[in-house]
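Observations on the model geometry
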Amino acid sequence: MTATRAPIAVDPGQGFENRTRFSYPRHMGDASLTTELGRVLVTGGSGFVGANLVAELLDRGLDVRSFDRAPSRHAEHPRLETVVGDITVVADVEKAVDGIDTIIHTAALIELMGGAAVTDEYRKRSFAVNVEGTKNLVHAGQRAGVKRFVYTASNSVVMGGQRISGGDETLPYTTRFNDLYTETKVAAEKFVLASNGEGGMLTCSIRPSGIWGRGDQTMFRKVFENVLAGLVVVLIGNKNAKLDNSYVHNLIHGFILAAEHLVPGGTAPGQAYFINDADPVNMFEFSRPVLEACGRPWPKFWVSGALVHKAVTVWQRLHFKFGLPQPPLEPTAVERLYLDNYFSTAKAKRDLGYEPVFTTAQAMDECLPYYVELFRTMEHVHKTKALPSTDTLANA
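An account of the accompanying structure is given in this report. (Residues numbered from 1 in each chain as written. Predicted model: local features only at pLDDT ≥ 70, side-chain atom pairs only at ≥ 80, totals over all residues. Heavy atoms only, no water.)

1. Notes on the side chain of threonine 102
- Residue placement: threonine 102 occurs in strand β6 (residues 102–105).
- On the accessibility criterion, threonine 102 (0% relative accessible area) is buried.
- The contact partners of threonine 102, leaving out residues within four places of it in the chain, are Leu37, Arg39, Val40, Leu41, Val146, Arg148 and Ala259. (Helix = DSSP H or I, 4+ residues; strand = E, 2+ residues; numbered from the N terminus. Buried < 20%, exposed > 50% of the residue type's maximum accessible area, 1.4 Å probe, protein only. Contact = heavy atoms within 4.5 Å.)

Shown next, in the form of structure tokens:
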């Protein structure tokens, strides 16, 4: 197979061991070929993305099994079965995949620190869940006769500290890992895509950006924690830096389209797809309406993103080496604030017919009340912890 050069879509800065982008010709499947999903297993079915996905599949009349370490948050439903188990335990995984036609794998451990500074225990825990757990699921699915497997990766699998503006799926995997989440997602996605067709099971991978929406306990919770701690006093980087996000229902739409296109001769088998809101935006401008709705003042001053990145990188090393508190932002999170990192959904549109179901504005209108309620709850807890105990008052 002969590689042909394509235009470089990243800054000629640092990030890739080989920064030249290559485009490899491949057999183009037929995008009109689709299939029914049959009985669907959702891993991580009690989590933010998984619970929303389970609800959507049930609304579409499908039979669903939710697999998670935590009990399902859904009310009893005649087409919903829940299995409580651990993805790292083969017997639990085999029970979960029995009688399943389609697996959509959303379960993961999100560890946003990494690099050489992390402890072996920290590293082993992430790899056990995100990589070995995924392998358990793939192997069990193949043995059980599952037909389709959709993996949840991340856009960070190609991000290595360089600016990416409208990047696509021809970008190579990063070889620079500042966080274990990215490192494990690269390893697991490679395995999933290399397993395509083995045992009769077709596979593909979805690469979301920052996921947000009702039920989010990661993206804006982190923002709120820093606000309540009094740490959001300046803006990092500059207002022209953009990233993309994945509203949870746009992401779910992408999951389902990908699964439907996992058919022999179709477009999705063995492929990876960026799925996002197709609306690059500055992260601070994206967050502004949420913070303003929560009644919080908006900072006016900007500081160097590169400087903050160096500071939190050192802080992270000290955290693991000497037990200092965890830095308020991880190096990878800082990079997303001051470097362009957004991706094209053109391949998903071509192969899957993907278009975002909701615009950013529509999605924000829908979930803003949820975020305000989440902030008020966190604010109440924060104030309660800050108050002196009754024993302290009595002894004052």
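2. Examining the pairing of β6
- Across the two faces of β6 the burial is the same, with Thr102 and Ile104 and Ile103 and His105 all buried.
- In this sheet, β6 lies alongside strand β3 (residues 40–43) in parallel orientation, the contact comprising four bridges. Across the sheet, the residue bridging to leucine 41 is isoleucine 103, located in β6.
- Note: β6 against strand β7 (residues 148–152), four bridges, orientation parallel. For isoleucine 103, the partnering residue across the bridge sits in β7 and is phenylalanine 149. (Pairing = 2+ DSSP bridges.)

3. Regarding the pattern of salt bridges
- Under the counting rule described, the total for this entry stands at 15 salt bridges.
- A salt bridge links arginine 207 to glutamate 189; the nearest nitrogen and oxygen atoms lie 2.7 Å apart. Remark: glutamate 189 occurs in helix α4 (residues 180–194) and arginine 207 occurs in strand β9 (residues 202–208); sequence separation between them is 18 residues. Pair check on accessibility: arginine 207 and glutamate 189 agree, each one buried.
- Here the salt bridges share partners, and the residues they tie into one network are Arg39, Arg65 and Glu81. (Salt bridge = Lys/Arg side-chain N within 4 Å of Asp/Glu carboxyl O.)

4. Focus on the sheet that holds β3
- What the seven strands build is an open sheet, ordered β5-β4-β3-β6-β7-β9-β13; its pairing is parallel. Both edges of this open sheet fall to β5 (80–84) and β13 (272–275), since each of them pairs with a single strand only. Between one strand axis and the next, the sheet turns by 20° as a mean value, whatever way the strands run.
- Sitting on the sheet, helix α2 (residues 90–97) is in contact with β3, β4 (64–68), β5 and β6, with an inclination near 165° to β4. (Axes fitted to C-alpha atoms, helices over the stretch in contact; angles between N-to-C directions.)

5. A look at a nonpolar patch on the surface
- A surface patch of nonpolar side chains, amounting to about 430 Å² of accessible area, comprises Val314, Trp315, Leu318, Phe322 and Leu324.
- With respect to the element layout, tryptophan 315 can be found in helix α8 (residues 305–322).
- The exposure class of tryptophan 315 is partly exposed, given its relative accessible area of 34%. (Patch = residues over 30% accessible without salt bridge, like charges linked within 9 Å, V, L, I, M, F, W, Y side chains within 5 Å. Areas by Shrake-Rupley, 256 points an atom, 1.4 Å probe, with all protein chains shown as cover.)

Without other data, these values stay purely geometric and don't point to any function.
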